[in-house]
Amino acid sequence: MDKPDDSTARLGFLARPLRLTLLGLWAERLWRAFWPLWSVLAATLSALAFGLQDVLPLEVAWSGLILAGLAIIGTGFSGIRKFRRPTRAEALIRIDARLPGQPIAAMTDTQALGTDDPASLALWQAHRARMAARAAKARAVKPDLNLSSRDPFALRYLAATALVMALIFGSLWRITSIQTLAPGAGVPIATGPMWEGWAQPPAYTGKPTLYLNDLADTRFDLPRGTRLQFRLYGEVGEMTLAETVSNRTEVPPASDPAHDFTVEQAGKITIDGPGGRAWDIGLIADLPPTVTPSDKLARESDGKLKQDFTASDDFGVVAGQVTIALDLPKVERIFGRTIEPEPREPVVLDLPMPNKGNRSAFTETLMDDLSQHPFANLPVTMAFQVSDAAGQTGSADALHVVLPGRGFFDPLAAALIEQRQALLWNRANAPLVSQILKAVTWKPEGFIRNERAYLRLRVVMRDLEDTATNLTADKRDTIAEELWQIALLVEEGDLASKLEALRRAQDRLDEAIKNGASPEEIDKLMQEMQQALDDYMQELAEQAERNPDSQMSQNMDGMEMSGDQIQQMLDELKKLMEEGRTAEAQELMEMLRQLMENMQVVQGEGGQGQGQGAPGQQAMRDLQDTLRDQQGLSDDAFRDLQDGQEGNEGQQGQNGQQQGQQGQGGDQEGQDGRSLAERQQDLRDRLGQLQDGPLPGDGSEQGEAGRQELERAGRAMEQAEEALRDGDLPQALDRQAEAMEAMREGMRELGEALAEQQRQPGDAQPGQEFGQADPRGQRDPLGREPGESARIGSDRNMLQGDDVYRRAQDLLDEIRKRSGEQTRPEGERDYLRRLLDMF
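(A) Inspection of unusual backbone geometry at higher detail. A positive phi angle, close to 55 degrees, is found at Ala 154, a residue other than glycine. Secondary-structure assignment places Ala 154 in the loop between α7 (118-135) and α8 (155-169). Judged by relative accessible area, Ala 154 falls into the partly exposed class, the value being 25%. Phi at Asn 377 is positive, roughly 65 degrees, even though this residue is not glycine. Within the secondary structure, Asn 377 sits in the loop between β14 (361-368) and β15 (379-388). Given the relative accessible area of 39%, Asn 377 is considered partly exposed.

(B) Representation of the pattern of salt bridges within the structure. Overall, the coordinates contain 25 salt bridges when judged by the stated rule. Among the salt bridges present, the one from Arg 32 reaches Glu 28, with a minimum N-O distance of 3.5 Å. Placement of the pair is Arg 32 and Glu 28 together in helix α2 (residues 15-49), with a separation of four residues, close to one helical turn. With a relative accessible area of 23%, Arg 32 lands in the partly exposed category. A salt bridge links Arg 333 to Glu 340, with the shortest nitrogen-to-oxygen separation between them at 3.2 Å.

(C) Up close: a nonpolar patch on the surface. Nonpolar side chains collect at one region of the surface, where Phe 50, Leu 52, Val 55, Leu 56, Val 60, Val 164, Met 165, Leu 167, Ile 168, Phe 169 and Leu 172 lie side by side and expose about 1000 Å² of accessible area between them. Mapped onto the nonpolar patch, the elements with two or more residues apiece are α3 (52-55) and α8. The element that contributes the greatest number of residues to the nonpolar patch is α8, accounting for five residues. Relative to the assigned elements, Phe 50 resides in the loop between α2 and α3. Given a relative accessible area of 37%, Phe 50 falls into the partly exposed group.

Cut-offs and rules
- For every chain, the first residue of its written sequence is number 1, and the numbers climb from 1 along that sequence.
- At least 70 in pLDDT is required for a residue's local features to be given in this predicted model, at least 80 for side-chain atom pairs to be given and counted, and no such filter applies to totals for whole chains, interfaces and linings, which use all residues.
- No hydrogens and no water enter the side-chain calculation; it runs on all heavy atoms of the structure.
- Numbering of helices and strands runs from the N terminus; a helix is a DSSP stretch of H or I covering at least four residues, while a strand is a stretch of E covering at least two.
- Accessibility here uses a 1.4 Å probe with only protein chains present; expressed as a share of the type maximum, an area under 20% marks a residue as buried, one over 50% as exposed, and anything in between as partly exposed.
- By salt bridge we mean one thing: a side-chain nitrogen of Lys or Arg within 4 Å of a carboxyl oxygen of Asp or Glu.
- Here, patches come from residues exposed beyond 30% relative accessible area and free of salt bridges, joined within 9 Å for like charges and within 5 Å for nonpolar side chains (Val, Leu, Ile, Met, Phe, Trp, Tyr).
- Note on areas: Shrake-Rupley with a 1.4 Å probe; residue coverage comes only from the protein chains shown.

Shown next as structure tokens:
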């Protein structure tokens, strides 16, 4: 059996973990027993460091000190009673409890049986060795310092936070001032400063608090409104304070231990007594803010007001407002405004402030929509005002402007808005408004095109007539809101017809031109009409796709217009408006209106037959497009040939004239990035695809003749492509001319075959031929009469005989005359010069 000394010796390797664990037990039990005591001490010290004893009444200060002392004594006795001194055995038990199998306890055990049996002794020694190996892994156990169950409200953290704040922002020297609370207290021994002072500028200035004891300068500047605090220690009357910066009327005794005042003017502060100081205080003036609005009030195309303004302040602007009031003397007293208006409160809008950055000086834009307000489109005054953090305000001279509002260009919508404004001006106008609305709706045909708007307007008229004599403010506002919605419905439309939407957009633009609308409104209305035109043309295309027997015809004598030319008209209209030529813009607008009014869809009455959507006519249109593109390619090749000749003449003289015929146009890129040879190949492939498909007159003599001519055109195109790739532009032009002639001849043959098919009885139905619904003859979708010779254009002779040459000469003279007028725009004169170059 082992001796106790042997077991103790075996535990020698646990000395360090045992010592650390024992220290942890001491810390744990002291922490748990005395945390209330140090919490009370921390709270008491923080209160004294902040100087509460100096500002509280004497009775309250004494009561607080007594309560604090009792709390300290009570928590101290409670901690002593709960504290239990830890022992080495308890530390050993704590370590053993953390090990598997409690090996330390096993090592201190003794063998009770079989001490004389060698086998039993061997087994016991093996067990002791295994336990020793486990005990060798022992580590110190950390103390449990968690007090959440004992302090559920975290009072200890509050006390610790208060103490830290007191050490940072307070002064431990103030603790000594509790001596002055005792009756008959003598002069304290000077262990610290005899006074303290702080200067705390207003928060909005961004300047830090100053501890005056640390300042060596005797003169410094402070912002207006800076709070000054002084504490005088020692015997009352030993130190005094005098100042001339607060401008106070009631000044406390100079010997008071505490002084608290605000800087309002420049002056001097003096502390007399042991260690006294004096300062000359300069004033950093806080000037009132300023605001300057822009002289010009802008209006957006949708009626929103847009007003720029600039504001500044030495320490930053915090807020601003603009007050909009009716400028009654400048109101034109006509129509419903002849009587006095009903009183209305001014409109007050908050000015936008920068979300980030410095507000000392900035420029912002006020945007708001007051189109529905009774003041819209009337003279008003706009008074701007801003304020700073000190409560100071700054204002600008009132602007006299017309409050922007939404523009209504439809005559009916404008009339409704005018009557709405009269009703909002004064309810006494209700009978007059009712009569005018009756006059407006007397004959609605052709004037009110929106049936829904007309029905809603009739309801409003009936309500207004019933309540005209005793109209309340709420009922007036309801009727005004309904009139606004009806005006929007009339102006913007709620239309299913794309054509009606286009007409409405044209009407609004026409009214805007006549009324001299702003460039922004004109631009917006131009975009709306462009969108309406695109929608209408898309609707025509979709209807033609849904109904193959339908066709689009344009019933205007002598007017031929392509989609590109319509876009050119819109661009020219916009240009005229930008140049201020409103009369010419109105003429062009009227021409565009007539063009759109006469464009319609004519529905066929028969079957597929040979109508517009029939394969034969589609093939003829595709051939026309191919021929047109071939002509354009030939023109580009000819221009390249001319450019090459001019370049060679400048470099080689007469020899260049001979060599210039070998141009380099075949490898040059066109506008679409492809060479002339590649474009020629595309045209040849397109012609081949048309030949592989159905063509008019298949199986007939004329149809076969047409196909042979198209095959000849294809061979000529192939030869032109080879010439272009070789750079032989003259040869390419000859082959292109041959291809175009063959295509014209082939299209003539195919056109006659198609006409023969249409003349056969029973093959064609009413409405199936081109332009059959047009009383002036067959027309294509752009208003042209297709020729019988399969050429691009028309066979219709516009002038006959000698009149042709006279008219041509007159036109040429007029072009020469206009091209020489320097007052005309440069773009127009360039265009006229190009015409003269062509002829």
